[in-house]
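So the chains spell out like this:
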Amino acid sequence: MAYYTAQDYYTILREMPSGKGFCDIGFIPLDPTNPAMIVELKWNKSVDHAINQINSRDYFKAFEHYKDNLLLIGISYESDSGKKDYKHHTCRIQKYR
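Residues numbered from 1 in each chain as written. Predicted model: local features only at pLDDT ≥ 70, side-chain atom pairs only at ≥ 80, totals over all residues. Heavy atoms only, no water.

Peer 1: I would appreciate a short explanation of unusual backbone geometry in the present structure.
Peer 2: A negative phi angle characterises most non-glycine residues, just as the trans form characterises most peptide bonds. The phi torsion at Asn-44 lies on the positive side, around 55°, for a residue other than glycine. For Asn-44, the location among the structural elements is in the loop between strand E3 (36-43) and helix H2 (47-56). Backbone geometry at Asp-58 places phi at a positive 55°, although glycine is not the residue there. Here Asp-58 falls in the buried class, since its relative accessible area comes to 15%. (Helix = DSSP H or I, 4+ residues; strand = E, 2+ residues; numbered from the N terminus. Buried < 20%, exposed > 50% of the residue type's maximum accessible area, 1.4 Å probe, protein only.)

Okay, structure coming up:
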């Protein structure tokens, strides 16, 4: 639901060209007082891996106008094929510095 509601406040770009590749989702605020957001999604990899990818591939370069109000978000989904009901999500939000 949050993703759909975000459309009222952000322009949402999937597979947004940025830096050395494509960030999974870019959120460009309609109101400049809201933070811009870069979201990297990972399956069976850590949120640290996601944040490191944002930094190592310079995804923030497409967000130069928002560098004083930019959030880097890594979301990880882990599953264990041996456990049918095991699903674990983790998220890390870091302010761009």
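Past the structure itself, the notes keep going.
Peer 1: What is the right way to look at the packing of aromatic side chains in this model?
Peer 2: Each pair of aromatic rings is reported with the distance of its centres and the angle of its planes. Tallied over the entire structure, the rule returns two aromatic pairs. Note on Tyr-10 and Phe-27: the rings are 5.7 Å apart at their centroids and 85° apart in plane angle, and the pair reads as edge-to-face. Of the two residues, Tyr-10 sits in strand E1 (residues 10-17) while Phe-27 sits in strand E2 (residues 22-29), which places them 17 residues apart along the sequence. Taking relative accessible area as the criterion, Phe-27 reaches 8% and is therefore assigned buried. Taken together, a centroid distance of 5.0 Å and an interplanar angle of 40° make the contact between Phe-60 and Tyr-96 tilted. Remark: Tyr-96 occurs in the segment after strand E5 (87-95) and Phe-60 occurs in the loop between H2 and strand E4 (70-79); sequence separation between them is 36 residues. The buried category is assigned to Phe-60, whose relative accessible area is 14%. (Phe/Tyr/Trp six-rings, centres within 6.5 Å; stacked < 30°, edge-to-face > 60°.)

Peer 1: Help me understand the environment of Tyr-59 in this model?
Peer 2: Here Tyr-59 lies in the loop between H2 and E4. Judged by its relative accessible area of 0%, Tyr-59 falls in the buried class. In this structure the C-alpha to C-alpha distance between Tyr-59 and Val-39, which are 20 residues apart in sequence, comes to 9.8 Å.

Peer 1: Is there a simple way to think about the pattern of salt bridges in this case?
Peer 2: Note on pairing: side chains with opposite charge can pair once their charged atoms come close. The final tally for this structure, using the stated rule, is two salt bridges. Among the ionic pairs, Lys-42 bridges to Glu-40, the shortest N-O distance being 3.5 Å. Overall, the relative accessible area of 2% leaves Glu-40 in the buried class. The residue Arg-92 makes a salt bridge to Asp-48 at a minimum N-O spacing of 2.2 Å. Taken together, the positions of Arg-92 in strand E5 and Asp-48 in helix H2 put the pair 44 residues apart, joining distant regions of the chain. In this structure Arg-92 comes out as partly exposed when scored by relative accessible area, which is 29%. With a relative accessible area of 39%, Asp-48 lands in the partly exposed category. (Salt bridge = Lys/Arg side-chain N within 4 Å of Asp/Glu carboxyl O.)

Peer 1: Help me understand the sheet that holds E1 in this model?
Peer 2: Spatially, E1-E2-E3-E4-E5 is the arrangement adopted by the five strands of the open sheet, whose pairing is mixed. What marks the edges here is a single partner per strand, and that holds for E1 and E5. Mean inter-strand twist for the sheet, computed between neighbouring axes without regard to direction, equals 20°. Its contacts with the sheet place H2 against E3, E4 and E5, and it is angled at close to 140° to E4. (Pairing = 2+ DSSP bridges. Axes fitted to C-alpha atoms, helices over the stretch in contact; angles between N-to-C directions. Contact = heavy atoms within 4.5 Å.)

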